[in-house]
Amino acid sequence: MYEGTSYPGALETPSAPLTDPALMAVAGFLAGYSGTTRQGYTIDLRAWWEWCGEHGLHPFEVRRPHIELYVRTIEERYARSTVGRRLSTVTMFYRWCCDEELIGKNPAANVRRPKIPQDSPTLGLDRQELGQFLTQADIMGPHYHALACLLGLN
């Protein structure tokens, strides 16, 4: 069973000793991000870490079937968008670990993504939502408005 340093405390305290190579990898991965992106990735990786701990797995010893099982487990509790985001974070983390030569193979590389229906309301903004988006961007300044217009046209 994996009994390494618990994930949450290890990275919430900047001075915590990072003796586990996987914890060092998480710290290195998260160091490349800031603000809400970093917070979101921390939450997603913490959830993955806790799942691994509950199943007696070290995060560097998992295989694709473990990640598939994780995804199936969280699909029962969360919306597809949340499942997709959490899987994306785990996949990016393992891709980063491969790039840094911390692991030999990315166990998340070919994990099946959750299917999002084609009639999903999240595929775009309606006319009123786009208008509100452009108005808010205009209030923020001309650069934001120009970017919002480009995004709206696409």
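First things first, this report covers the structure right here in the doc.

Criteria and cut-off values
- Residues numbered from 1 in each chain as written.
- Predicted model: local features only at pLDDT ≥ 70, side-chain atom pairs only at ≥ 80, totals over all residues.
- Heavy atoms only, no water.
- Salt bridge = Lys/Arg side-chain N within 4 Å of Asp/Glu carboxyl O.
- Helix = DSSP H or I, 4+ residues; strand = E, 2+ residues; numbered from the N terminus.
- Patch = residues over 30% accessible without salt bridge, like charges linked within 9 Å, V, L, I, M, F, W, Y side chains within 5 Å.
- Areas by Shrake-Rupley, 256 points an atom, 1.4 Å probe, with all protein chains shown as cover.
- Polar contact = N/O pair within 3.5 Å; in protein donor to acceptor, adjacent residues only side chain to side chain.
- Phe/Tyr/Trp six-rings, centres within 6.5 Å; stacked < 30°, edge-to-face > 60°.
- Buried < 20%, exposed > 50% of the residue type's maximum accessible area, 1.4 Å probe, protein only.
- Core = buried A, V, L, I, M, F, W, Y, C linked by side-chain atoms within 4.5 Å.
- Contact = heavy atoms within 4.5 Å.
- Arc of directions from axis to C-beta.
- Axes fitted to C-alpha atoms, helices over the stretch in contact; angles between N-to-C directions.
- Parallel < 35°, antiparallel > 145°, perpendicular 65-115°, else oblique.
- Nonpolar A, V, L, I, M, F, W, Y, C, P; charged D, E, K, R; others polar.
- Disulfide = S-S within 2.5 Å.

Turning our eyes to something else, we now look at the pattern of salt bridges. Applying the stated criterion across every chain yields a total of 6 salt bridges. The partner of Arg64 in a salt bridge is Glu68, and the shortest N-O contact between them spans 3.4 Å. Here Arg64 pairs with Glu68, and both are found in helix α4 (residues 64–75), just 4 residues apart, close to one helical turn. Between Arg112 and Glu68 there is a salt bridge, with the nearest N and O atoms lying 3.6 Å from each other. You can see Arg112 sitting in the loop between α5 (80–99) and α6 (127–140) and its partner Glu68 sitting in helix α4, a full 44 residues away along the chain. One salt-bridge network, held together by shared partners, links Arg64, Glu68, Arg72, Glu75 and Arg112.

Now for a nonpolar patch on the surface. Taken together, Leu125, Phe133, Leu147 and Leu151 make up a surface patch of nonpolar side chains, about 390 Å² in accessible area. Structurally, Leu147 is set in helix α7 (residues 142–153).

Moving on: the side chain of His58. Of note, His58 is situated in the loop between α3 (35–54) and α4. Polar side-chain contacts of His58 include one of 2.9 Å to the backbone nitrogen of Phe60.

For the rest of this paragraph, the subject is the packing of aromatic side chains. One pair of aromatic rings is described through two measures. These are the centre distance and the angle between the planes. Tallied over the full model, the rule gives 10 aromatic pairs. With a centroid separation of 5.6 Å and 10° between ring planes, the pair formed by Trp48 and Trp51 is classed as stacked. Remark: Trp51 and Trp48 occur in helix α3; sequence separation between them is 3 residues, near one turn of the helix. Considered together, Trp48 and Trp51 belong to a single accessibility category, that of buried residues.

Now for the nonpolar core. As a rule of thumb, soluble globular proteins bury nonpolar side chains together. By size, the foremost hydrophobic cluster in this structure holds 29 residues, and its most contacted members are Phe29, Trp48, Val62, Ile67, Phe93 and Tyr94. Listed by contribution, the elements that provide at least two residues to this core are α2 (21–31), α3, α4 and α5. Discounting residues that sit within four places of it in the chain, Tyr94 has contacts with Trp48, Pro59, Val62, Ile67, Ile103, Asn106, Pro107 and Ala108.

Glancing now at α2. Ala22, Leu23, Ala25, Val26, Phe29 and Leu30 are the residues of α2 that are buried. Buried residues of α2 fall within an arc of 155° about the axis and therefore sit on the same side. Relative to its buried face, α2 has exposed residues pointing more than 90 degrees away, namely Pro21 and Ala31.

Below, the discussion takes up the packing of α2 against α5. The geometry of α2 relative to α5 is characterised by a closest axis approach of 10 Å and an angle of 105° between their N-to-C directions. The orientation of α2 with respect to α5, classified from their angle, is roughly perpendicular. Contacts between α2 and α5 involve Ala22, Ala25, Val26, Gly28 and Phe29 on the former and, on the latter, Thr89, Met92, Phe93, Trp96 and Cys97. Each residue belonging to the contact of α2 with α5 can be placed in one class, and the counts come to 8 nonpolar, 2 polar and no charged.

Attention now moves to the state of the cysteines. Applying the stated criterion across every chain yields a total of 0 disulfides. With no disulfide of its own, Cys97 lies 7.2 Å from the sulfur of Cys98, the closest cysteine sulfur. Residue class for Cys97 comes out buried when judged on its relative accessible area of 0%.

Here Thr91 is to be found in helix α5. Thr91 sits in the buried class, given a relative accessible area of 4%. Ignoring any residue separated from it by four or fewer positions in sequence, one finds Thr91 in contact with Asn106, Ala108 and Arg113.

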